[in-house]
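One letter stands for each residue in the lines below.
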Amino acid sequence: MSTARENIFSSIRSALAPLPSRTPRPEIPPGAAEPCWLDRSADKMALFVQRAEATGTRCFTDPSACADWLRTQNVSKVCVPGPLERLKSLCGAFAEVVDTYRRADVDDIDAAFTPAAGAIAESGSIILSDESTPDRLAALAPWHHIALVSRSEIHLTIADALAAHPDDPNVIWVTGPSKTADVEGILIQGVHGPGAQACLIV
Amino acid sequence: MPEQKVELFARRLDPGVQKAVHDNSAAGTLKRYSILGGDYDTPDELRRLAGQIRQHSIEHLDTYLEQAEKSLHRHGAHVHFAVTAEDACQAVSGILERAGARKVVKSKSMISEEIHLNDHLATRGIESVETDLGEYIIQIDGDHPSHIVKPIIHKNRRDIARSFEREGLGDYNDDPETITRRARSFMRRKYLEADAGITGANFVSAESGRLVLVTNEGNSRFCLAAPRVHIALVGIEKVIPSDADLAVLLNLLGRSATGQQLTVYTEFINGPALTGRPSGPREMHVIFVDNRRSEILASDCREILRCIRCGACLNVCPVYRQASGHAYRSVYPGPVGAVLSPLLAGKKFKELADLPKASSLCGACNEVCPVDIPIPDLLLKLRNRGHEEHAPSPGTPPMGAFAMLASSPLLWRAAMQGSRAMNLVPLDKLPLPYLQPWLKTRTLPEWRGGSFRRWMKSRHSR
């Protein structure tokens with residue numbers, strides 16, 4: 001392998017050596033990639049809710065409203081991790097509640113709550129990380145996924161979120177439910193991941 | 001009658017397929033236009049900035065690739081290098097064999113198509129399942145993707161329903177939602193059984209080592225949730241300086257590819273899963289693949305290495321819309337493919353030297369490119385290379401007689417006068433095979449040969 005490495009680096013160096021000059025690193029002006037409609041003084045939470053709903057993520061601020069929605073969705077087994085007693089009792093009123101996601105239950109658990117690492121207002125994205133989210137599968141395999149987003153962890157822009165990127169081997173931004181348009185360009189939600197994506201802002 | 005291969009392909013294309021490709025591509029162009037124009041006052045400035053970031057990155061590839069390698073090591077990932085497609089395949093199967101992995105789930109990756117990874121894994125007795133819905137259908141049909149982002153743009157729901165029925169995924173049903181649900185439940189088993197997940201990468205940040213993966217379906221996320229080994233195949237040109245550059249690149253990628261501000265899942269990975277987590281890979285391997293990219297870097301077409309594989313140039317291209325992706329006879333179709341494919345072909349350059357000629361040089365590809373690649377200029381450079389290497393050039397009339405006329409003033413004058421006879425001849429009836437394809441769709445104006453020279457003379461004498 002080390003020879004392959006040396007070969008590649010030496011080919012790259014000899015490819016670049018004859019260049020009379022190399023393109024300098026451009027300075028990225030602050031806000032260069034921000035959409036023109038973005039208002040820097042906007043309320044981050046209001047913008048997040050507006051953008052998230054536009055991409056198909058349901059937003060709740062009241063746990064009982066969120067539980068009511070799950071009830072109308074005929075959810076029968078919910079994974080609620082850790083010490084979220086209020087949610088457990090709300091969901092327990094209409095569904096079986098488990099607090100760890102087990103692979104053997106992949107076909108049975110039809111909703112799961114997982115804590116998020118934050119959110120992005122500009123794009124309406126939820127940020128999950130290995131540190132914040134106990135199980136990658138729990139946030140992905142059930143039809144309903146509800147991320148718990150803390151109001152104080154909403155970043156205004158994509159650039160802000162990148163600047164505050166958590167030191168974590170795996171971070172994922174979730175912007176709406178899983179979708180495809182592979183068949184004749186027709187939009188279908190819920191391909192591999194959640195068909196219904198939601199977040200509960202706490 | 002000698003004609004361009006791409007044109008022949010377009011003519012033989014099923015009219016239904018052609019309409020599907022045309023309409024779907026045109027819709028993609030409109031979506032891109034409306035979101036980019038709606039969100040940015042000066043989207044072209046952003047494209048130029050992104051182009052500079054990518055040009056800077058590839059012109060400092062030696063530095064950034066080494067930095068990316070170190071960053072990945074620091075976070076516990078294994079880094080491998082592969083010079084050729086064969087080396088890359090060997091590297092993948094080597095890792096799988098050492099890990100005792102027999103079953104693999106794969107998320108969409110153009111470079112794995114480029115190196116024909118699935119065929120290689122099959123010879124080693126390793127089951128490899130494509131998990132992107134479109135790519136899975138391509139796999140069970142033994143077909144090839146015809147678009148970088150929309151691999152089955154050339155298939156309709158009836159084709160897919162028949163394939164699913166044949167593969168035992170249920171009785172014939174061509175409802176797109178049913179097709180998707182069946183794929184969901186089939187794939188779920190595959191993810192959970194798999195020992196390893198193979199992905200590509202859209203970008204690699206040198207500073208943090210983070211690989212960035214974007215999907216809408218969530219399949220790459222599943223490939224990194226259930227299996228215990230993650231292998232990422234990455235072209236060496238994918239490296240960018242830092243995470244901060246992603247603000248520009250990601251904002252352009254989703255909008256250019258599918259008219260979305262961001263794709264649904266944007267994942268950043270620089271190592272195996274956090275210790276103690278129940279899901280996520282225990283091992284992460286990144287294979288940096290050259291496969292002639294350093295050769296392209298040394299050529300005068302290096303700008304093509306800026307490409308971020310959004311497919312916008314395919315959608316907008318009048319030739320692609322008529323001919324569809326298979327006409328390009330290679331992994332990368334459309335304008336980007338017309339540049340990249342002959343360059344990646346190495347010694348077989350001549351076999352694809354017709355691709356740069358299958359273009360009217362209208363420039364639309366450059367205008368939509370999120371990294372502002374001057375594709376028409378690169379097409380001209382490759383046409384020139386094709387000429388120098390004496391590549392066959394069907395559809396181009398022999399220019400020898402014209403060259404003789406044009407280099408002798410006396411002959412030229414005589415020809416200008418004599419050609420007035422052309423006004424009397426029914427041109428479309430002439431037995432001139434090279435001219436007929438042209439004349440079929442064009443009428444020439446009345447010949448007034450020599451008038452420019454008279455006009456010039458009268459100017460001088462004034």
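Everything numeric in this text was worked out from a predicted model, so none of it was measured.

Trainee: Tell me about the overall build of chain B, and name the residues and values.
Mentor: When helices and strands are tallied, chain B shows 22 helices and 10 strands. The principal-axis extents of the C-alpha atoms in chain B amount to approximately 90 × 55 × 45 Å. Scored against the burial criterion, the 462 residues of chain B give a buried share of 58%. Long-range contacts, defined as pairs at least 24 residues apart, comprise 75% of the intrachain contacts of chain B with a sequence gap of at least 6.

Trainee: Explain the packing of aromatic side chains residue by residue, including any values.
Mentor: A full pass over the atoms with the stated rule returns 10 aromatic pairs over all chains. Measuring from centroid to centroid gives 5.8 Å for B:Phe452 and B:Trp455, while their planes differ by 35°, and the two rings are tilted. Taken together, the residues span about one helical turn, with B:Phe452 and B:Trp455 both in helix H22 (residues 451-461) at a distance of three residues. Classification of B:Phe452 by relative accessible area gives exposed; the value is 56%. The exposure class assigned to B:Trp455 is partly exposed, which follows from its relative accessible area of 44%. In textbook terms, an aromatic cluster arises when at least three aromatic residues are bridged by ring pairs, as seen for A:Phe9, B:Phe81 and B:Phe288. Looking at B:Arg385, its charged tip hangs above the ring of B:Phe349, at a distance of 3.8 Å from the centre.

Trainee: Tell me about the packing of helix H3 (residues 43-59) of chain B against helix H12 (residues 245-258) of chain B, and name the residues and values.
Mentor: All names here are of chain B. Put simply, H3 and H12 touch, their axes get as near as 10 Å, and they point 125° apart. Taken together, the axis directions place H3 and H12 in an arrangement best described as oblique. Where H3 crosses over H12, the handedness of that crossing is left-handed. On H12, the residues touching Leu46, Arg47, Leu49, Ala50, Ile53 and Arg54 of H3 are Asp245, Val248, Leu249 and Leu252. Taken together, the residues of the contact of H3 with H12 sort by class into seven nonpolar, no polar and three charged.

Trainee: Just give me the short version of the nonpolar core, but keep the residues and values in it.
Mentor: A:Trp173, B:Leu65 and B:Phe288 are the most contacted members of the largest nonpolar core, which totals 107 residues. Considering every element that reaches this core, the biggest residue donor is H12(B), with eight residues. If near-sequence neighbours (up to four positions away) are discounted, B:Phe288 is found in contact with A:Ile8, B:Leu65, B:Ala68, B:Leu72, B:Val79, B:His80, B:Phe81, B:Ala82, B:Val204, B:Val234, B:Ile236 and B:Val239. Listed in part, the 53 residues of the second largest apolar core include A:Met45, A:Cys79, B:Ala194 and B:Phe222.

Trainee: An account of the pairing of strand S4 (residues 111-115) of chain A is requested, with residue identities and associated values reported.
Mentor: Residues and elements named next belong to chain A. Across the five residues that make up S4, a large majority, four, are buried. Inspection of the sheet shows strand S2 (residues 77-79) paired to S4 by two bridges, in the parallel sense. Pairing of Val78 across the sheet is with Ala111, part of S4.

Trainee: How would you sum up the interface of chain B and chain A? Please name residues and give values.
Mentor: With 96 residues of chain B at the contact, the number on the chain A side is 76 residues. Of the roughly 7,200 Å² buried at the junction of chain B and chain A (both faces included), carbon and sulfur atoms supply 58%. The largest per-residue losses of area from chain B upon contact with chain A belong to B:Phe81, B:Arg184 and B:Arg221, which jointly make up 10% of the total buried on that side. Where chain B packs against chain A, one counts seven salt bridges. Put simply, B:Arg189 and A:Asp107 hold a salt bridge, and the shortest N to O gap is 3.4 Å. For the pair chain B and chain A, the interface holds 46 residue pairs in polar contact (both at pLDDT 80 or more). Top contributing element to the side of chain B that touches chain A by residue count: helix H10 (residues 176-193) of chain B, with 11 residues. Across the side of chain B that touches chain A, the residue classes tally to 46 nonpolar, 26 polar and 24 charged. The pairing of strand S9 (residues 170-174) of chain A with strand S9 (residues 265-269) of chain B spans five bridges and is classified as antiparallel. In the strand pairing of S9(B), A:Trp173 is matched with B:Thr266.

Trainee: Can you explain the domain arrangement of chain B? Please cite residues and give values.
Mentor: Looking at the assigned domains, one finds that chain B contains domain 1 (42-291) and domain 2 (416-461). Using only C-alpha atoms to locate each centre, domain 1 of chain B and domain 2 of chain B end up separated by 55 Å.

Trainee: Would you mind going over the pattern of salt bridges in detail, with residue names and values included?
Mentor: In this structure the tally under the stated criterion is 40 salt bridges over all chains. The salt bridge involving B:Lys190 is made with B:Glu127; its shortest N-O contact spans 3.5 Å. Taken as a pair, B:Lys190 in helix H10 and B:Glu127 in strand S3 (residues 127-130) lie far apart in primary sequence, 63 residues in all. Here B:Lys190 falls in the buried class, since its relative accessible area comes to 15%. One salt bridge connects B:Arg210 with B:Asp243, and the closest N-O pair in it is separated by 2.5 Å. One end of the pair, B:Arg210, is in the loop between strand S5 (203-205) and strand S6 (211-215); the other, B:Asp243, is in the loop between strand S8 (239-240) and H12, with 33 residues separating them in the sequence. Residue B:Arg210 shares its accessibility class with B:Asp243, and that shared class is buried. Each of A:Arg5, A:Glu6, A:Arg13, B:Glu66 and B:Glu69 takes part in salt bridges that share partners, so that together they form one network.

Trainee: Which residues make up the sheet that holds S9(B), and what values do they have?
Mentor: Judged by pairing direction, the sheet is mixed, and its eight strands sit side by side in the order S8(A)-S5(A)-S6(A)-S9(A)-S9(B)-S6(B)-S5(B)-S8(B) without closing on themselves. On the outer flanks of this sheet lie strand S8 (154-155) of chain A together with S8 of chain B, each paired with one strand and no other. Here strand S5 (residues 118-120) of chain A pairs with S8(A) via two bridges, running parallel. Considered in S8(A), the bridge of A:Ala119 is made with A:Ile154.

Trainee: Describe the packing of helix H2 (residues 15-39) of chain B against H12(B), listing the residues and the values that go with them.
Mentor: All names here are of chain B. Packing of H2 against H12 brings their axes to within 6 Å, and their N-to-C directions diverge by 145°. For the pair H2 and H12, contact is made by Lys31, Arg32, Ile35, Leu36 and Asp39 and by Leu252, Arg255, Ser256 and Thr258, respectively. Of the residues in the contact of H2 with H12, the class split is three nonpolar, two polar and four charged.

Trainee: Can you explain the side chain of B:Ser299? Please cite residues and give values.
Mentor: Position of B:Ser299 among the secondary structure elements: in the loop between helix H13 (293-298) and helix H14 (312-316). In this structure the side chain of B:Ser299 is engaged in a polar contact, spanning 2.7 Å, whose partner is the backbone oxygen of B:Ile296.

Trainee: Describe unusual backbone geometry, with residues and values.
Mentor: A positive phi angle, close to 55°, is found at A:Glu184, a residue other than glycine. Locating A:Glu184 in the fold gives a position in the loop between strand S10 (179-180) and strand S11 (188-189). Residue class for A:Glu184 comes out partly exposed when judged on its relative accessible area of 33%. Even without being glycine, B:Ser324 reaches a positive phi, approximately 65°. Within the secondary structure layout, B:Ser324 lies in the loop between helix H15 (318-323) and helix H16 (334-344).

Trainee: Which residues make up the state of the cysteines, and what values do they have?
Mentor: All names here are of chain B. Counting across every chain of the model gives zero disulfides over all chains. Between Cys223, a cysteine without a disulfide, and Cys89, which holds the nearest cysteine sulfur, the sulfur-to-sulfur distance is 18 Å. A relative accessible area of 0% means that Cys223 is categorised as buried. With no disulfide partner, Cys365 has as its closest neighbouring cysteine sulfur the one in Cys362, 6.2 Å distant.

The rules behind each value
- Residues numbered from 1 in each chain as written.
- Chains lettered and ligands numbered in written order.
- Predicted model: local features only at pLDDT ≥ 70, side-chain atom pairs only at ≥ 80, totals over all residues.
- Heavy atoms only, no water.
- Helix = DSSP H or I, 4+ residues; strand = E, 2+ residues; numbered from the N terminus.
- Buried < 20%, exposed > 50% of the residue type's maximum accessible area, 1.4 Å probe, protein only.
- Contact = heavy atoms within 4.5 Å.
- Phe/Tyr/Trp six-rings, centres within 6.5 Å; stacked < 30°, edge-to-face > 60°.
- Lys NZ or Arg CZ within 6 Å of the ring centre and 35° of its normal.
- Axes fitted to C-alpha atoms, helices over the stretch in contact; angles between N-to-C directions.
- Parallel < 35°, antiparallel > 145°, perpendicular 65-115°, else oblique.
- Left-handed = near helix turned anticlockwise from the far one by under 90°.
- Nonpolar A, V, L, I, M, F, W, Y, C, P; charged D, E, K, R; others polar.
- Core = buried A, V, L, I, M, F, W, Y, C linked by side-chain atoms within 4.5 Å.
- Pairing = 2+ DSSP bridges.
- Buried area = accessible area lost by both parts, 1.4 Å probe.
- Salt bridge = Lys/Arg side-chain N within 4 Å of Asp/Glu carboxyl O.
- Polar contact = N/O pair within 3.5 Å; in protein donor to acceptor, adjacent residues only side chain to side chain.
- Domains from an automatic or database assignment.
- Disulfide = S-S within 2.5 Å.

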